[in-house]
Amino acid sequence: QVQLVESGGGLVQAGGSLTLSCAASGRTFSRYAMGWFRQAPAKEREFVAAIDWSGSRSYYADSVKGRFTISRDNAKNAVYLQMSSMKPEDTAVYYCAADDSRAVGFSAPFYDYWGQGTQVTVSS
């Protein structure tokens, strides 16, 4: 079992930056693949970024590639999403997710554990 808690959401102007954090409980965090997803009203949950258990490989949706960076600090049991050059279409609830298979997934059903979500709003 693992518990995930996101933080760092808020209101930011277009072109600005924001960093989200995800704090994880559990002693096996370092073996989990981690992902970030987002969901806007009336839309499906969308893949944003993922990172493998070692932190050596990361993956991004085309919509955020070059603007967002996922990272993890296993010593702190944390994963981060650094967002820059933000656009109004980035507005959504952002969720941290974990899977204990240690493989990277690109769709929501792959992940076993989810945080409660944090709201990100980008104004024009």
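Please refer to the structure higher up on the page.
Throughout what follows, the structure given in this document is the object of discussion. Computed from a predicted model, the values in this text were never measured in an experiment.

**A short note on the nonpolar core**
Core analysis: the biggest nonpolar cluster contains 36 residues, and Leu 4, Met 34, Trp 36, Leu 81, Met 83 and Tyr 94 have the highest contact counts within it. Secondary structure elements with two or more residues in this core: β3 (18–24), β4 (33–39), β5 (46–51), β7 (68–73), β8 (78–83), β9 (92–99) and β11 (118–123).

**Some words on the pairing of β9**
With respect to burial, β9 is a largely interior element, eight of its eight residues being buried. The pairing of β4 with β9 spans seven bridges and is antiparallel. Within β9, the residue paired with Met 34 across the bridge is Ala 98. The sheet contact formed by β9 and β11 spans three bridges and is antiparallel. Across the sheet, Ala 92 pairs through a bridge with Val 120, a residue of β11. Bridging between β9 and strand β10 (residues 113–114) involves two bridges; their strand directions are antiparallel. When the bridges of β10 are listed, Ala 97 appears paired with Trp 114.

**Observations concerning the sheet that holds β3**
Taken in spatial order, the four strands make up an open sheet running β1-β3-β8-β7, and their pairing is antiparallel. Each having just a single partner strand, β1 (4–7) and β7 make up the two edges of the open sheet. On average, each strand axis in the sheet is inclined to that of its neighbour by 15°, with strand direction left out of account.

**Overview of the state of the cysteines**
Note on terminology: a disulfide is the covalent bond linking the sulfur atoms of two cysteines. In the structure shown here, the tally under the stated rule is one disulfide. With a sulfur-sulfur separation of 2.1 Å, Cys 22 is cross-linked through a disulfide to Cys 96. Judged by the sign of its S-S torsion, about -80°, the cystine formed by Cys 22 and Cys 96 is left-handed. Of this pair, Cys 22 sits in strand β3 while Cys 96 sits in strand β9, and the two are 74 residues apart along the sequence. The pair formed by Cys 22 and Cys 96 is uniform in burial state, with each residue classed as buried.

Calculation criteria
- Residues numbered from 1 in each chain as written.
- Predicted model: local features only at pLDDT ≥ 70, side-chain atom pairs only at ≥ 80, totals over all residues.
- Heavy atoms only, no water.
- Core = buried A, V, L, I, M, F, W, Y, C linked by side-chain atoms within 4.5 Å.
- Buried < 20%, exposed > 50% of the residue type's maximum accessible area, 1.4 Å probe, protein only.
- Helix = DSSP H or I, 4+ residues; strand = E, 2+ residues; numbered from the N terminus.
- Pairing = 2+ DSSP bridges.
- Axes fitted to C-alpha atoms, helices over the stretch in contact; angles between N-to-C directions.
- Disulfide = S-S within 2.5 Å.

Just geometry here; none of it tells us what the structure is for.
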